[in-house]
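Structure at a glance
The chain contents come next:
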Amino acid sequence: MRIVIFGAGIAGLAAGIRLKRLGHSVHVYEQAPQMNDQGNAFLMHDDGLDILRDLGDEERFDQMGENITHFKLNAHEGEEVKSIRLRPWRCFKRNQVIRYLYDAFGEDHITHNASFEKFEWKDGLAKTAFLSNGQKIEADFFIGADGIHSKVREDAVFQVEFSPVFTYELLGFIQNPELYQELKTKFVKYQHRTKSIACGVLPAAKNELIMVLQFDPALIRQANIDDADHARISSFLLQDFPKELQDLMSHQTFDQTYIWKTRDFDLIPRFHNKNVVVIGDAAHVALPFSSSGTTNALLDAESLAHLVFSNEKVASTPAKMDRALKEFYRKRSKEVGHQIQFGRELKDKFLMPSKHPLENQRVPLVFRQPEKEVRPPKHRYLRVLYFTDPICSTCWAIQPQLRKLELEFGNQIQIQHRMGGLLPHWKGYNRFGISQPLDVAEHWDEVESWSGMPMNGDIWRHNPLPSSYPPSIAFKAAQIQSAKKAIIFLRRIREVLFVGQQNILNIRVLYDLALQSGLDAAQFLRDLPDLASERFNDDLDLKDSYEVKILPTMIFENHTGEVRRIEGYREYDKYVQVIRELNPNLKVNTYPTSGKELFDRFPSMSLKEFMYLSNQTEEDALNELKELQQHEAIEIWETPRMKLYLSTLKLQQGFV
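Remember, predicted model here, so these are calculated numbers, not experimental data. (Residues numbered from 1 in each chain as written. Predicted model: local features only at pLDDT ≥ 70, side-chain atom pairs only at ≥ 80, totals over all residues. Heavy atoms only, no water.)

The strand order across the open sheet built from three strands is β22-β24-β23, with neighbouring strands paired in antiparallel fashion. The sheet is open, and its two edges are formed by β22 (604–605) and β23 (634–638), each paired on a single side. As paired strands, β23 and strand β24 (residues 643–647) are joined by five bridges and run antiparallel to one another. Its bridge partner lying in β24, I634 is registered against S647. Contacts between helix α23 (residues 618–630) and the sheet are confined to β23 and β24, with β23 contributing the most and set at about 110 degrees to the helix. (Pairing = 2+ DSSP bridges. Helix = DSSP H or I, 4+ residues; strand = E, 2+ residues; numbered from the N terminus. Contact = heavy atoms within 4.5 Å. Axes fitted to C-alpha atoms, helices over the stretch in contact; angles between N-to-C directions.)

Put into structure tokens, the structure is as follows:
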């Protein structure tokens, strides 16, 4: 099929590459006199990254852009409002990506100085395109990727009405190696609490930062500042902000900055008309608050190629082509419609800052939507109350059993973690023969010897913890945000305590672990003193009501209210026995036992856990771990007495 694409931007080039690979004859027409590398930089998340990597040379792709792993939002007074780990996001300079796509597509298939003017239709189909340079181009199919002011869209698909311009963005690069090193991997944003002003800074390329200053243009109009006076605009708008930001902005020369007057249009009712389709900004525009435009362009190109052009039968008749294009619209319009609304929601909150506290605002980025977990009906799962404690050695010792439960029974076992308050303080403490830190040291060494789980009792000899309540309250602060991420957080607490010998009462340690677990670390700190403490006290009351005396205690309950209790350390067979007694109909899943697949599921494992889950001897397990390490699939976190094995991929993505 002969296909013509208008627009050599990201959407057009990506579509061209995909369609050429499918065997179609593709040519791109671009209105600019040469490669259009205008624009500054953009953020892209994993949906777009996966596609972009596959469009060109993978080695070259890996050298482009800057990984962004940490988002921080500060109020204009300097207070940290949000602190979140991003995984994976990358910032690219637009000209890098355009050059990458040009080379992958081939410049000999691109004609410059040629913009679309109109179509000539015949027998109900677009047959000829008239171009600005006088050319007349015939094709079987036409794709409009000619941007927000698309002539293809207006002539053949749908005429849009643009929204008013509500916000401006002042954009520019800052060349500074020292600032680049300081901000490497970070997206730092400052936002005013009472005025519609925000400034974000992040690395875009080596020794280069991108600066974005968002504001309500009414602010500079009221101050009689000309739109073209970028230095004065910046100085005026940022006068209330911290000195650190003003010092950073002092490195901006303003010789190549520009103002982007942001606007959008409603989701159009269709993306195609017969054999003409629009993609990217030509089809839909979300306000830049959501950082979704470039990823959407790539997703459009990918979906169009897959749904419409990958099967010869689809294009065999106009009716089949029409059905495929409607499916393309159905798939993409749902997602971009949501992002248009998200961008507008963020814009409205930005323009009314006094009514919308920064603490309640969402992170201004669109994330891949996780698949919704379908909970089985009540008669097909068991509810479990799990009373535990961050410093409980037996709770750490049963990690292999609990992970095997997760693999074999999945969401048929719904575990709710509750804190058991193992160590309030040492004054007058005596529990099962333990009355001082040295007793704990000896107990840990003993548990390590019979369980095989790594735990170093030396922390109780040299830097004993005064209480387990603070890390327990920290777990409740994590649980307020996300039950799943709280479990990851609890695992990390135990790893740095039992293996790393770190002080888990140290607020900086807890902050870093919260970040690593995908939590908003700033919100985590705000919740600690009050709400998390209340939730912890609720757990202690619940523990007393169930007369829990031993940690761990797991209370299993089925849909009829029948209950079984497991206390302390038990082998896996005991858990299965209890499950079968309460519900013999639960399905036991088989799971892959290769090291690669196990580390995909669990970012970190001890040798005991890996042996247990892979059902191998110590010798065989060590051989496989060595092989995984040689292939750089795992790394080893080694302390003087013990090791923990970590997934390299998960490390790179910030999971561990």
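Now that the structure has been shown, we can carry on.
So, on to the packing of aromatic side chains. For the structure on display, the rule yields 26 aromatic pairs. Relative to F92, the ring of F61 lies with its centre 6.0 Å away and its plane at 45 degrees, an arrangement referred to as tilted. Remark: F92 occurs in strand β5 (residues 80–93) and F61 occurs in helix α3 (residues 58–62); sequence separation between them is 31 residues. For F92, a relative accessible area of 0% corresponds to the buried category. Ring-pair connections join several aromatic residues into one group, and the members of that group are F6, Y29, F116, F119, W121 and F142. When the ring centre of F173 is taken as origin, the NZ or CZ atom of K93, which lies over that ring, is 4.6 Å away. Of note, K347 hangs over the ring of F166, and the distance from its end group to the ring centre comes to 4.1 Å. (Phe/Tyr/Trp six-rings, centres within 6.5 Å; stacked < 30°, edge-to-face > 60°. Buried < 20%, exposed > 50% of the residue type's maximum accessible area, 1.4 Å probe, protein only. Lys NZ or Arg CZ within 6 Å of the ring centre and 35° of its normal.)

As a further point, take unusual backbone geometry. At the junction of L551 and P552, the peptide bond is cis and its omega measures out at 0 degrees in the coordinates. With respect to the secondary-structure elements, P552 resides in the loop between α19 (521–545) and β20 (553–557). Positive phi is not limited to glycine here, since N207 has a value of about 65 degrees. The residue N207 is located in the loop between β13 (197–205) and β14 (208–215) in this model. The phi angle at E632 is positive, at roughly 60 degrees, despite the residue not being glycine. Relative to the helices and strands, E632 resides in the loop between α23 and β23.

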